[in-house]
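Remarks on the overall topology
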Amino acid sequence: MKITSTSCICPVLVCLCFVQRCYGTAHHSSIKVTRNQTKHIEGETEVHHRPKRGWVWNQFFVLEEHMGPDPQYVGKLHSNSDKGDGSVKYILTGEGAGTIFIIDDTTGDIHSTKSLDREQKTHYVLHAQAIDRRTNKPLEPESEFIIKVQDINDNAPKFTDGPYIVTVPEMSDMGTSVLQVTATDADDPTYGNSARVVYSILQGQPYFSVDPKTEHYQLYVPESAQVGSAVGKIKANDADTGSNADMTYSIINGDGIGIFSISTDKETREGILSLKKPLNYEKKKSYTLTIEGANTHLDFRFSHLGPFKDATMLKIIVGDVDEPPLFSMPSYVMEVYENAKIGTVVGTVLAQDPDSANSLVRYFIDHSGEDDRVFNIDANSGTIRTTKVLDREETPWYNITVAASETDNPGLLSHVTVGIRVLDVNDNPPELAREYDIVVCENSKPGQVIHTISATDKDDFANGPRFNFFLDERLSINPNFTLKDNEDNTASILTRRRRFSRTIQDVYYLPIMISDGGIPSLSSSSTLTVRVCACERDGRVRTCHAEAFLSSAGLSTGALIAILLCVVILLAIVVLFITLRRSKKEPLIISEEDVRENVVTYDDEGGGEEDTEAFDITALRNPSAAEELKYRRDIRPEVKLTPRHQTLSTLESIDVQEFIKQKLAEADLDPSVPPYDSLQTYAYEGQRSEAGSISSLDSATTQSDQDYHYLGDWGPEFKKLAELYGEIESERTT
């Protein structure tokens, strides 16, 4: 069994295809790099992200070992804001700027002034910027570009060891492996055939031969290859057929053990090389494996003919792939105090381009999973700041996702989780833990604990307990209750005197103060309500309602019900009496015989004062006729007063109004007159009497707007009349 060169076909094809994709059109396409646009190759789809301005590069490669008389043209730098009037000035900085690479600050053309050697330096990192020639202000943000040195075949292959000294057993079969030599070429193995090594024997033929293409296998694997995927194949030739040609492959040596694994395809008898761990071009660019192929079915009759196995060396070259930025930590935890001003710095994240180009990185916050945009991030520095005032009691923790991308390839993103803890400040005063129903028994003693209260605080533990309870010192000492701080975040309410009575006061109010243990300390005031209740001897509350007053007198429930029924019956009687009295009024004069004094009764109203035909008004014109006193029939006076007579001339000349006033004064001054109202009727009312008619004959049926309150000012004789008309007015109002 021999491992032949044909087993290298698949790995070589993979390598060549990748080379063609990366570099096949390097000299035939212009590459446009914009600030918000991915780099692309002609013929591939360009991904646009709203470009504003950009740089245009016609060439990214420069040939090494250029020996021409003129500087080698590298490319052209152009800004979209350049109108061709010379107002834009182009500046080039970075590796080799001004020494190896020069730029025409007006046209943006870049040239190489020196011969470069790819084997010494493979690429140069440059920074380009366009500024206004008059103001020196930048028209574009500074952009980073890479100029790679293109390889030419200027290095001969060299053997890594030598001279080689080996021995060969005599009578060895043809095809026996004698020695494996390795030569390396300093040229670029990924570009063209400059680094391809071809072996040949200059002396020793025809006894020995060498495979011109593989003294070892070479395989190209990009660093982006997925773990578990197949990255290449290898095959050994066996002259036998059938089961005698079956074989297995294994890795017996090399620095790639643990990174790669190999399995056998029984159908094709090929070795399938797979990736066990991820590759990183920046850490290790190549691996070397020694792979062995051995027959699985051995015939011991022919064991002396060989070991029936063979080994070869496989060199694996790791290809560089543009990778997304890598954060310095897998996750971040930051802290910020609540109530901090808008724009307060929370923290900074850091990501770098893991590739050798080391491109600039831009940051942004992914707001897809967060409605409120509470934070923002500086796109260049990665510093996170607040955009709102935070409240720990509302949201104590925030989780945001920060993304990073390369400036020249925004499509490659990496994400990291940032947890932000909101730290507490003492901005909430303590409060009572709940509404308390405090009861004091009527038979309480001084110093007796009637209730225990506690407090709570919305702030964190450091700014909450320990709580202090105390009475407001600005108020006078409470004679009924006091407060005792138990020093365990609770306080007790104690009585200061003996016995309380609901009949005197059934509710008391106790203002208290509570402070927390924060710095600075905050306090709040609350008022406790204490109800006075009747309690049993063991302290159990019997009742706090008003009926407890009767119950304390020793009345049973039946007695209370009987008392209530009596009260209801009395109320019903009173209401019935008032209703009947309102519906029927007693007449002022019960009969013609029930006349308290001289009352002249007539039905004909006549023609008034001037009508002398209807009735005799002598009694009015001659008051002396009325002087003959008639004693009241309702009472017999004990003392008969001597009538007072006046001369006829005086009586005839006196006015009726004056006569009435005179009689009123006499009645008021006479102590023998019984306290009864007297009613006399006169046809003549005088001149413009302020009281109007005092007749009550028609009062029961005729409504009037007259106000009779003045009757109460006429003395005790008119008391009954005042009460009567006052009652009528009350009925009208009702």
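Residues numbered from 1 in each chain as written. Predicted model: local features only at pLDDT ≥ 70, side-chain atom pairs only at ≥ 80, totals over all residues. Heavy atoms only, no water.

**Considerations on the UniProt feature "transmembrane region" (unreviewed entry) in the protein**
Following the UniProt record, one finds the feature "transmembrane region" (unreviewed entry) at residues 559–580. For the annotated span residues 559–580, helix accounts for 100% and strand for 0% of the residues, and the straight-line distance between the end C-alpha atoms is 32 Å. (UniProt positions renumbered as here; feature names shortened; annotations may be inferred. Helix = DSSP H or I, 4+ residues; strand = E, 2+ residues; numbered from the N terminus.)

**Topic: the environment of asparagine 153**
Here asparagine 153 is to be found in the loop between β9 (143–150) and β10 (158–159). The exposure class assigned to asparagine 153 is exposed, which follows from its relative accessible area of 54%. Apart from the residues lying within four places of it in its own chain, the contact partners of asparagine 153 are Asp185, Asp187 and Ser194. (Buried < 20%, exposed > 50% of the residue type's maximum accessible area, 1.4 Å probe, protein only. Contact = heavy atoms within 4.5 Å.)

**Topic: unusual backbone geometry**
Cis geometry is found at the peptide bond from proline 465 to arginine 466, where omega equals 10°. Examined against the element boundaries, arginine 466 turns out to sit in the loop between β30 (449–456) and β31 (468–471). With an omega of -5°, the peptide bond between isoleucine 519 and proline 520 qualifies as cis. Of note in the backbone geometry, asparagine 339 takes a positive phi value of approximately 65° without being a glycine. By the secondary structure assignment, asparagine 339 is in the loop between β20 (331–337) and β21 (345–348). For asparagine 339, a relative accessible area of 39% gives the class partly exposed.

**Regarding the sheet that holds strand β33 (residues 490–495)**
Ordered by their spatial adjacency, four strands build an open sheet running β28-β30-β33-β32, and the pairing between neighbours is antiparallel. Unpaired on one side and paired on the other, β28 (431–432) and β32 (481–485) mark the two borders of the sheet. Here β32 runs beside β33; their pairing, made up of five bridges, is antiparallel. Across the sheet, lysine 484 pairs through a bridge with serine 492, a residue of β33. (Pairing = 2+ DSSP bridges.)

**Considering the pairing of strand β34 (residues 507–515)**
Of the strand pairs in this sheet, β31 and β34 are connected by four bridges, and their pairing is antiparallel. By the bridge assignment for β34, phenylalanine 470 is matched with methionine 513. As paired elements, β34 and strand β35 (residues 523–535) share nine bridges and run antiparallel to each other. Bridging from a neighbouring strand, proline 511 pairs with threonine 527 of β35.

**Topic: the packing of aromatic side chains**
Summed over the entire model, instances satisfying the criterion amount to seven aromatic pairs. Ring plane angle 75° and centroid distance 5.3 Å describe the contact between phenylalanine 101 and tyrosine 124, whose orientation is recorded as edge-to-face. With phenylalanine 101 in strand β6 (residues 101–103) and tyrosine 124 in strand β8 (residues 123–132), the pair connects residues that are 23 residues apart, well separated along the chain. Each member of the pair, phenylalanine 101 together with tyrosine 124, is buried. Ring centres of phenylalanine 500 and tyrosine 508 lie 5.6 Å apart, and the angle between their planes is 75°; on these two criteria the pair is classed as edge-to-face. Just as phenylalanine 500 is buried, tyrosine 508 falls in that class too. Grouping aromatic residues by their ring pairs yields a cluster made of Phe481, Phe500 and Tyr508. Here the guanidinium or amino end of lysine 121 rests over the ring plane of tyrosine 124, the centre of that ring lying 5.3 Å away. (Phe/Tyr/Trp six-rings, centres within 6.5 Å; stacked < 30°, edge-to-face > 60°. Lys NZ or Arg CZ within 6 Å of the ring centre and 35° of its normal.)

**Quick notes on the sheet that holds β6**
Read across the sheet, three strands follow the order β4-β7-β6 without closing on themselves; strand pairing throughout is antiparallel. A single partner strand is all that each edge strand has here, and the edge strands are β4 (72–76) and β6. Sheet twist, expressed as the mean angle between neighbouring strand axes with direction ignored, is 25°. In terms of strand pairing, β6 meets strand β7 (residues 109–112) through three bridges, oriented antiparallel. Within the sheet, the bridge partner assigned to isoleucine 103 lies in β7 and is isoleucine 110. (Axes fitted to C-alpha atoms, helices over the stretch in contact; angles between N-to-C directions.)

**A short note on the nonpolar core**
Grouped together as the largest cluster of nonpolar side chains are 24 residues, with contacts concentrated most on Val349, Phe375, Ile384, Val402 and Val418. Counting only elements with at least two residues in this core, the list comes to β20, β23 (361–366), β24 (375–377), β26 (397–406) and β27 (409–423). Aside from chain neighbours lying at most four places away, what touches valine 349 is Phe327, Tyr332, Met334, Tyr363, Ile377, Ser381, Gly382, Ile384, Val402 and Val418. (Core = buried A, V, L, I, M, F, W, Y, C linked by side-chain atoms within 4.5 Å.)

**Structural notes on the side chain of glutamate 406**
Assignment of secondary structure puts glutamate 406 in strand β26. Residue class for glutamate 406 comes out buried when judged on its relative accessible area of 1%. Residue contacts for glutamate 406: discarding those within four places in its chain leaves Asp322, Glu323, Pro324, Pro325, Asp353, Asp355, Ser359, Leu360 and Leu412.

**Things to note about the state of the cysteines**
Using the criterion set out here, one finds two disulfides in the structure. The disulfide that involves cysteine 441 links it to cysteine 535, with 2.0 Å between the sulfurs. Linking cysteine 441 and cysteine 535, the disulfide has an S-S dihedral of approximately -85° and is accordingly described as left-handed. Linking cysteine 441 in strand β29 (residues 438–441) with cysteine 535 in strand β35, this pair joins segments that are 94 residues apart in sequence. Each member of the pair, cysteine 441 as well as cysteine 535, is classed as buried. Across the disulfide, cysteine 533 is cross-linked to cysteine 544 (sulfur-sulfur distance 1.5 Å). One quick way to see it: the torsion about the S-S bond of cysteine 533 and cysteine 544 is about 110°, and its sign makes the bridge right-handed. Taken together, the residues span a long stretch of sequence, with cysteine 533 in strand β35 and cysteine 544 in the loop between β36 (541–543) and α2 (548–551) at a distance of 11 residues. Residue cysteine 533 is classed as buried on the basis of its relative accessible area of 0%. Of the residues examined, cysteine 544 reaches a relative accessible area of 23% and is grouped as partly exposed. Across the protein, the disulfide pattern expressed with sequentially numbered bonded cysteines is 1-3, 2-4. (Disulfide = S-S within 2.5 Å.)

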